[in-house]
Amino acid sequence: MEEQLANGNDGLSWRVKIRRIPDYIKEYCANCSLVGFSYIANHNLGRDSIHLNVRDHLGFIIFPERYLVDKLTDNCQTTTECKECANCPLDGYRQLSSWFSLNCSDIFNECSFSGKSFNCCQYFLPMWTPYGRCFLLNSLQNNNRNSKNWLPTIIDRNDDTELKLVVNQSVRVDILNEEDLPNPTLPSVNFLSVLGKIKTIKFYTESMVNDPEIKGFPPEARDCNFPDEVLTRSLFKAHSFSACISDCTRIYQMERCNCSLYHFNPFNDKRFPDCDYDGYLCVEKLGLISSDMQMMKKHMDTMPTCECLPSCTEADLKNIYSYDELDAPGSATLTISISMSMWPAFQFRRQSLRNKLDIIVSLGGILGLFLGASILSVIEFIYYFTIRATNNLRINSRNVDT
């Protein structure tokens, strides 16, 4: 009995557990803010092995892509019978993520494009995405081309196309179109790399060009939406297929659980309240913790307002070359080099086979061929029996009066 009280349930003495507290905190909250440390202290995190489940729960809240099926319930049921143990937070997940997420200055060390250095935190802007809090460069979702935070990327063919980043953390990088969002279930050029390495990646792009008259056709006819054609139900600033899928996920969460996960509401629109713990459990039962394309297809029949069209301007991005090499011994940074393997040699073009003028010309040709008439003849025919007839009646009535 005395041995059980001294060692606890896991066989470790309390002295060993106390000595491990700094390791637990350091492991979970590297570069954390003072508010984050305060939260750990006030909620007894890091004191017992049972708190690993609570930290796993917090890790999922901050990094949604770490979600494992049914892990949300398993993590938080283990502490309900222990009054002195740390408990899973039941609400305020957006605020928790703000406290514990790294700032731009914690991640970026150096940035350069085409051999010219630039201020990383001026151009990499934060935003809530299906991956949690991400930093986006030249994205229409949280920036615009006329902003001082839009990095000029127009270069000559003889210039170097390399984007070089030196970061202080292991990171995941997604290369996307300017209207797209990172999404765990949609294909993209992406990679995950760790500290102490030099990561080199080369990609190739085939752009999409639209003829000016394409904008005049309805989206159903051209089978796409332009980035500025944002749907009324969307919370994002630009249309893309990935943004539409995120909107549909949020809408279905709201319909079934009366709340949505905070990272699907990037600008904290108060019309869509964030889910608390019970809301997360409800969403977990639906299988919609993440915006899974396969799960969304199952619900499309019950969501008639969520038909997602691609963007009219999205380019086709392909990963051509990826290579990892070790940095200098003892290096505490990660160097990332991203560049195009070659200048685009092909592009897709969306053009209309017939516009309104073509229809008028074709109609005139058919009338001339079969009736010996033209569009001008039709106009004269209408004019003769409407305007001309009306004027003749007026003239005759005036003559009668006189």
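Residues numbered from 1 in each chain as written. Predicted model: local features only at pLDDT ≥ 70, side-chain atom pairs only at ≥ 80, totals over all residues. Heavy atoms only, no water.

### Re the overall build of the protein chain
A count of helices and strands for the protein chain gives 15 helices and 11 strands. If you take every contact in the protein chain between residues at least 6 apart in sequence, the share linking residues at least 24 apart comes to 70%. Accessible surface, the protein chain: about 23600 Å² in total, of which carbon and sulfur atoms supply 54%. (Helix = DSSP H or I, 4+ residues; strand = E, 2+ residues; numbered from the N terminus. Contact = heavy atoms within 4.5 Å. Areas by Shrake-Rupley, 256 points an atom, 1.4 Å probe, with all protein chains shown as cover.)

### As for the side chain of Thr-333
With respect to the element layout, Thr-333 can be found in the loop between β9 (316–326) and β10 (334–340). With relative accessibility at 19%, the residue Thr-333 sits in the buried group. Of the polar contacts made by the side chain of Thr-333, one reaches the side chain of Ser-331; its length is 3.4 Å. Residue contacts for Thr-333: discarding those within four places in its chain leaves Asn-109, Val-166, Val-167, Asn-168, Leu-195, Gly-196, Lys-197 and Asp-327. (Buried < 20%, exposed > 50% of the residue type's maximum accessible area, 1.4 Å probe, protein only. Polar contact = N/O pair within 3.5 Å; in protein donor to acceptor, adjacent residues only side chain to side chain.)

### Topic: the environment of Leu-181
Structurally, the position occupied by Leu-181 is in the loop between β6 (171–175) and β7 (189–193). Sequence spacing of Leu-181 and Cys-244 is 63 residues, and the spatial spacing of their C-alpha atoms is 9.8 Å. Look past the residues within four positions of Leu-181 in its chain and what remains in contact with it is Met-127, Thr-129, Gln-141, Leu-176, Phe-236, Ser-240, Ser-242, Ala-243 and Ser-246.

### Description of unusual backbone geometry
Of note in this structure, Asn-138 is not a glycine but carries a positive phi near 50 degrees. Mapped onto the secondary structure, Asn-138 falls in the loop between β4 (132–137) and β5 (163–167). The residue Asn-268 is not glycine, and still its phi comes out positive at about 55 degrees. Take Asn-268: it is sitting in the loop between α10 (241–257) and α11 (277–286).

### A closer look at the state of the cysteines
Following the criterion strictly, the structure yields six disulfides and no others. Shown here is the disulfide that connects Cys-104 with Cys-121, its sulfur atoms set 2.2 Å apart. Handedness of the Cys-104-Cys-121 disulfide follows from its S-S torsion of about -105 degrees: it is left-handed. Here the residue Cys-104 occupies a position in helix α7 (residues 104–107), and Cys-121 occupies one in helix α8 (residues 120–123), the gap between them amounting to 17 residues. Residue classification places Cys-121 among the partly exposed residues on the basis of a relative accessible area of 35%. Linked covalently through their sulfurs, Cys-224 and Cys-312 form a disulfide whose S-S length is 1.9 Å. Every disulfide takes its handedness from the sign of the S-S torsion; for Cys-224 and Cys-312 that torsion is 95 degrees, giving right-handed. Of this pair, Cys-224 sits in the loop between α9 (219–222) and α10 while Cys-312 is found in the loop between α12 (293–299) and β9, placing the two residues 88 residues apart along the sequence. One exposure class covers both Cys-224 and Cys-312, and it is buried. (Disulfide = S-S within 2.5 Å.)

### Some points on the pairing of β4
Regular strands place side chains that alternate from one sheet face to the opposite one. Two strands pair when backbone bridges link them, and strand β3 (residues 124–129) and β4 are joined in this way by six bridges, in the antiparallel orientation. When the bridges of β4 are listed, Leu-125 appears paired with Leu-136. Once β3 ends, the chain turns through two residues before running back antiparallel as β4. (Pairing = 2+ DSSP bridges.)

### A look at the environment of Gly-59
Mapping Gly-59 onto the fold places it in helix α4 (residues 51–62). Through-space distance from the C-alpha of Gly-59 to that of Phe-100 is 9.4 Å; in sequence the pair is 41 residues apart.

### Some words on the environment of Val-171
Along the chain, Val-171 falls in strand β6. Placed 20 residues apart in sequence, Val-171 and Phe-191 show a C-alpha to C-alpha distance of 8.5 Å. In this structure Val-171 touches Ile-107, Phe-191, Leu-192, Ser-193, Leu-334 and Ile-336, once residues within four positions along its chain are discounted.

### With respect to the pattern of salt bridges
Inspection of every chain in the model, using the stated rule, returns 10 salt bridges. The partner of Asp-274 in a salt bridge is Arg-94, with the nearest N and O atoms 2.8 Å apart. Of this pair, Asp-274 sits in the loop between α10 and α11 while Arg-94 sits in helix α6 (residues 93–100), placing them 180 residues apart in sequence. Here Arg-349 and Asp-211 are joined by a salt bridge, their closest N and O atoms 3.0 Å apart. Taken together, the residues span a long stretch of sequence, with Arg-349 in strand β11 (residues 347–350) and Asp-211 in the loop between β8 (197–210) and α9 at a distance of 138 residues. On the accessibility criterion, Asp-211 (11% relative accessible area) is buried. (Salt bridge = Lys/Arg side-chain N within 4 Å of Asp/Glu carboxyl O.)

### Points about the packing of aromatic side chains
Inspection of every chain in the model, using the stated rule, returns eight aromatic pairs. When the ring of Phe-60 is compared with that of Tyr-280, the centres are 5.9 Å apart and the planes differ by 90 degrees; the resulting orientation is edge-to-face. Of this pair, Phe-60 sits in helix α4 while Tyr-280 is found in helix α11, placing the two residues 220 residues apart along the sequence. With 6.2 Å between their ring centres and 85 degrees between their planes, Phe-108 and Phe-135 make a pair best called edge-to-face. (Phe/Tyr/Trp six-rings, centres within 6.5 Å; stacked < 30°, edge-to-face > 60°.)

### Things to note about the side chain of Ser-240
Here Ser-240 is to be found in the loop between α9 and α10. Of note is the side chain of Ser-240, whose polar atom sits 3.1 Å from the backbone nitrogen of Ala-243. Residues in contact with Ser-240, not counting those within four places in the same chain, are Gln-141, Glu-179, Asp-180, Leu-181 and Ser-311.

### Re the packing of α10 against α11
Working note: a packed helix pair is described by the angle between its axes plus the distance between those axes. The interhelical angle for the contact between α10 and α11, taken along N-to-C directions, is 110 degrees, at an axis separation of 10 Å. The angle between α10 and α11 falls in the class roughly perpendicular. Seen from above, α10 lies across α11 with right-handed handedness. Along its contact with α10, which presents Tyr-252, Gln-253, Arg-256 and Cys-257, the element α11 presents Gly-279, Cys-282, Val-283 and Leu-286. Of the residues that constitute the contact of α10 with α11, the class distribution is five nonpolar, two polar and one charged. (Axes fitted to C-alpha atoms, helices over the stretch in contact; angles between N-to-C directions. Parallel < 35°, antiparallel > 145°, perpendicular 65-115°, else oblique. Left-handed = near helix turned anticlockwise from the far one by under 90°. Nonpolar A, V, L, I, M, F, W, Y, C, P; charged D, E, K, R; others polar.)

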